[in-house]
Amino acid sequence: MVRYRVRGGNALRGTAFIQGAKNAVLPMIGAALLAATGRTVLRNVPIIEDVRRAVELAEAVGAYVELHESERTLVIDASRVSSPVLPAEIARRFRGSVLFTPALLHRLGEAIVEGVGGCNLGSRNLDFHYLGYKRLGAIVDEEETVIHVKASGLTGATLYLDTPSHTGTENLIMAACLAKGTTVIENAALEPEVLDVIDMLTKMGARISGGGTGFITVEGVEELHAVEHTVMPDRLDAGVFAMAAAITGGELNLVGTGLDLGVVRYKLEQMGVEFARQGAVLHVRCEGPLRPINIITDTYPGFATDLQSPMMTVAALAEGTSYIHERIFDGRFALAGELNKMGANVEVDGSRAVVRGRTPLTGAQVTAHDLRSGIALVLAGLAAEGETVIDSGYLIDRGHAHLAARMRALGADITREISEH
Ligand SMILES: CC(=O)N[C@H]1[C@@H](OP(=O)(O)OP(=O)(O)OC[C@H]2O[C@@H](n3ccc(=O)[nH]c3=O)[C@H](O)[C@@H]2O)O[C@H](CO)[C@@H](O)[C@@H]1O
Ligand SMILES: C=C(OP(=O)(O)O)C(=O)O
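Each value, and the rule that gives it
- Residues numbered from 1 in each chain as written.
- Chains lettered and ligands numbered in written order.
- Predicted model: local features only at pLDDT ≥ 70, side-chain atom pairs only at ≥ 80, totals over all residues.
- Heavy atoms only, no water.
- Helix = DSSP H or I, 4+ residues; strand = E, 2+ residues; numbered from the N terminus.
- Rg over C-alpha atoms; globule rule 2.2 N^0.38 Å.
- Buried < 20%, exposed > 50% of the residue type's maximum accessible area, 1.4 Å probe, protein only.
- Contact = heavy atoms within 4.5 Å.
- Areas by Shrake-Rupley, 256 points an atom, 1.4 Å probe, with all protein chains shown as cover.
- Lys, Arg positive; Asp, Glu negative; His and termini not counted.
- Charge placed at Lys NZ, Arg CZ, Asp CG, Glu CD.
- Domains from an automatic or database assignment.
- Buried area = accessible area lost by both parts, 1.4 Å probe.
- Salt bridge = Lys/Arg side-chain N within 4 Å of Asp/Glu carboxyl O.
- Polar contact = N/O pair within 3.5 Å; in protein donor to acceptor, adjacent residues only side chain to side chain.
- Nonpolar A, V, L, I, M, F, W, Y, C, P; charged D, E, K, R; others polar.
- Near = heavy atom within 4 Å.
- UniProt positions renumbered as here; feature names shortened; annotations may be inferred.
- Pairing = 2+ DSSP bridges.
- Axes fitted to C-alpha atoms, helices over the stretch in contact; angles between N-to-C directions.
- Parallel < 35°, antiparallel > 145°, perpendicular 65-115°, else oblique.
- Left-handed = near helix turned anticlockwise from the far one by under 90°.

J.: Would you mind going over the overall build of the protein with me for this structure?
T.: Within the protein one finds 14 helices and 24 strands. Here the C-alpha radius of gyration of the protein, 21 Å, is about what a compact globule of 421 residues would show, namely 22 Å. With the C-alpha coordinates of the protein rotated into their principal frame, the extents come out at 60 × 45 × 40 Å. Within the protein, buried positions represent 57% of all 421 residues. Expressed as a percentage of contacts within the protein between residues at least 6 apart in sequence, the contacts between residues at least 24 apart total 73%. For the protein, the accessible surface area stands at approximately 16000 Å², while carbon and sulfur atoms represent 48% of it. On the protein, the mean spot of the 39 positive side-chain charges and the mean spot of the 50 negative ones are 2 Å from each other.

J.: Please clarify how the domain arrangement of the protein should be interpreted in this entry.
T.: Interfaces are often sized by the amount of accessible area the parts lose when they come together. By the assigned domains, the protein splits into domain 1 (2-19 + 233-418) and domain 2 (22-230). Computed from C-alpha coordinates alone, the two centres of domain 1 and domain 2 are separated by 30 Å. Listed as interface residues are 24 residues of domain 1 and, on the opposing side, 24 residues of domain 2. Taken together, the two surfaces of domain 1 and domain 2 that pack against each other cover about 2000 Å², and 51% of this comes from carbon and sulfur. Looking at the side of domain 1 facing domain 2, the largest losses of area belong to Tyr-300, Tyr-394 and Arg-398, adding up to 34% of the total buried there. Linking domain 1 with domain 2 are two salt bridges, by the criterion used here. For Glu-193, the salt bridge is made with Arg-235, and the minimal N-O distance between the two is 2.7 Å. Seen at the junction of domain 1 and domain 2, the total is six residue pairs in polar contact (both at pLDDT 80 or more). Taken together, the residues of the side of domain 1 that touches domain 2 sort by class into eight nonpolar, seven polar and nine charged.

J.: For this particular structure, what's the right way to read the site of ligand 1?
T.: Taken together, 19 residues surround ligand 1, and among them Asp-127, Ser-165, Thr-167, Asp-306 and Ile-328 come closest. Ile-328 places a main-chain nitrogen or oxygen 2.6 Å from an oxygen atom of ligand 1. Contributing elements (two or more residues each) for the shell around ligand 1: α1 (22-32), α5 (127-135) and α6 (166-177). Here the shell around ligand 1 takes three residues from α5, the largest share from any one element. When residues of the shell around ligand 1 are assigned to domains, at least three map to each of domain 1 (2-19 + 233-418) and domain 2 (22-230).

J.: Is there a simple way to explain the UniProt feature "modified residue: 2-(S-cysteinyl)pyruvic acid O-phosphothioketal" (unreviewed entry) in the protein in this structure?
T.: Here the UniProt feature "modified residue: 2-(S-cysteinyl)pyruvic acid O-phosphothioketal" (unreviewed entry) sits at Cys-119. Relative to the elements of secondary structure, Cys-119 occurs in the loop between β7 (110-113) and α5. Those residues in contact with Cys-119 that lie beyond four places of it in its chain are Arg-124, Asp-370, Leu-371 and Arg-398.

J.: Please clarify how the pairing of strand β9 (residues 146-150) should be interpreted in this entry.
T.: Within a regular beta strand, the side chains point alternately toward one face of the sheet and then the other, so they alternate between its two faces. In this sheet, β9 lies alongside β7 in antiparallel orientation, the contact comprising four bridges. Within β9, the position partnered with Ile-112 by the bridge is His-148. Two elements, strand β8 (residues 139-143) and β9, share five bridges in a ladder whose sense is antiparallel. Opposite Asp-141, over in β9, you have His-148 as the bridge partner.

J.: What's the story with the sheet that holds strand β1 (residues 2-7) in this structure? I'm lost.
T.: Sheet strands pair via backbone hydrogen bonds, and the direction of the pair is either parallel or antiparallel. With mixed pairing, the four strands of this open sheet are ordered in space as β22-β23-β1-β24. The open sheet has two edge strands, β22 (365-367) and β24 (413-418), and neither has a second partner. Adjacent strand axes in the sheet meet at a mean angle of 20°, parallel and antiparallel pairs treated alike. Looking at chain direction, β1 and strand β23 (residues 387-391) are connected through four bridges and run antiparallel. Across the sheet, Arg-7 pairs through a bridge with Glu-387, a residue of β23. Sheet strands in contact with helix α12 (residues 371-383) are β1, β22, β23 and β24, and its direction is about 170° off that of β23.

J.: Is there a simple way to explain the packing of helix α10 (residues 308-316) against α12 in this structure?
T.: Two packed helices can be described by the angle between their axes and the distance between those axes. Closest axis-to-axis distance for the α10/α12 pair is 7 Å, and the angle between their directions is 25°. Here α12 runs roughly parallel to α10, going by the angle between their axes. Of the two elements, α10 crosses α12, and the hand of that crossing is right-handed. Each of Ser-309, Pro-310 and Thr-313 in α10 lies in contact with α12, whose residues at this interface are Arg-372, Ser-373, Ile-375, Ala-376, Leu-379 and Ala-380. Partitioned by chemical class, the residues of the contact of α10 with α12 number five nonpolar, three polar and one charged.

Laid out in C-alpha cells, this is it:
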C-alpha cells in the first residue's frame, strides 16, 4: 500500500520539470506493436505505474521491452508478438490496455481483451471502439467481461464517433493505418496527445491527414516500421504544478518543451494567477488572494476533465463561490466528500458542484478515489494546516512520476510511504 503524507504551509518555489504525457505514451506503446520488425525508441517516457503496466502487457503478448528509467527511454521490439490475449490481471489495472487491440488485430488476426481498467469515473463505454472495428470488417464477440475481436484483414470505411472519444480516435486510426483503402473518422478527438500519436504513426509510414480538424482521413499502407519518437509534455502534470504554485503563494518555472496550458492558463489567470512565457520556460506565480471561477469541462480545446478535480481544490481556496459543471464523466465528484473532510464547502448536485470558498483547510486522513482526485488531495494538503494522509497513493503514481521528490525539490513537505496495509 502506497500513501502520501503532506504537511502544508510551504510556498513552492524553483524549477518544476514536467514529465512526458501519460495519455500520449500509452497509445504510442500500442502503436509500437504495429511494427513487425525493428526496435522502437520512445523518449521522455514518464516513469509512472501505467507505463509499467503497459510494459508488462507488451511483454505478455510477446514483445521484448527495455524500460531505461533514468534515461526515461523505452525500447520496444515487437517482432515476436505471438499472444492475442490481454490478460485480465494486467489489463484491468489501466485504461491504456484498450490501446493494444489494433496491433494484435493486425499482427495476429485477433485480440482477446480480458478486461479494461482505468480511473473509476462512472460509465466508461467502449462501444465506439467496437462499432468502428466492425465497420472496418472485424467480428466482435462480447462474452460477459471478455471481448474477442477477430479479423482476417480490415477494409477502410467511414466511421462516426457520437462524441470525440480520445482513445477511441487513437484506436480507430491505428486500426485504419494497415487496413485496405481509405478510412474517414468523423467527429474525431482533437487532443494534442492524439496529434502526437498521429506524428509518430506518420513517421512509422502511416498516411494520415486532418489531425486536429475533427475529420481524419487514413489511407491504408502495407506495413509500418519502427521509429524513434519523443513523447510530448504532460499538460495535466504541468497544470497541477501551476496550481501548486497558485495555492501556496509560490513561484515556479515550468520546464517542458512547447508546453501549452490552453484554457487552464486562462482560467487560472482569471483567478489571479500570473503567467509569463520566457522562451521555452513558463513562469507562474501568485501573490494575492484567488478569485472564484466557473468551469465547464469539455473535450479539447475545452477545459480538460482530468484537471477539474485539482481545480476544485483551487476553487475551495478562492475568495467567493465557484461553479463547476462536469460534462464528460458522471463519476468525477467523489473528491467533494474528501475535500469537505478537510474543511472545504463543496455541494454536489448531479453533474454540477458549487464550491464556497475560502474556508481554511485542515489536514485529515483522506481517500483518493481515482488518479485526479488523488492529486487534488495532495494540492489540498499543500495548502492545509497540519498533516494530510492520502490513500491509495498507487492511483496518484498511475499518472505522476516521482511526485514526492519533484515537489520536495520545490520546498514542499511531502513523503511517499509504503506500508503492509
Ligand atoms: C488513457 C487516456 O487517454 N485516458 C484519457 C481518455 O480516456 P478515454 O479515451 O477513456 O475517454 P473518452 O474520450 O473515450 O470518453 C469520453 C466520454 O465518452 C464516452 N464514451 C467513450 C467511448 C465510447 O466508446 N463510448 C462512450 O460513450 C465515455 O463514457 C465518456 O463519457 O480521455 C479522457 C477524456 O479526456 C481522459 O479523462 C482520460 O485521461
Ligand atoms: C481518467 C484518467 O485516466 P485513465 O483514462 O487512464 O483512467 C485520467 O488520467 O484522469
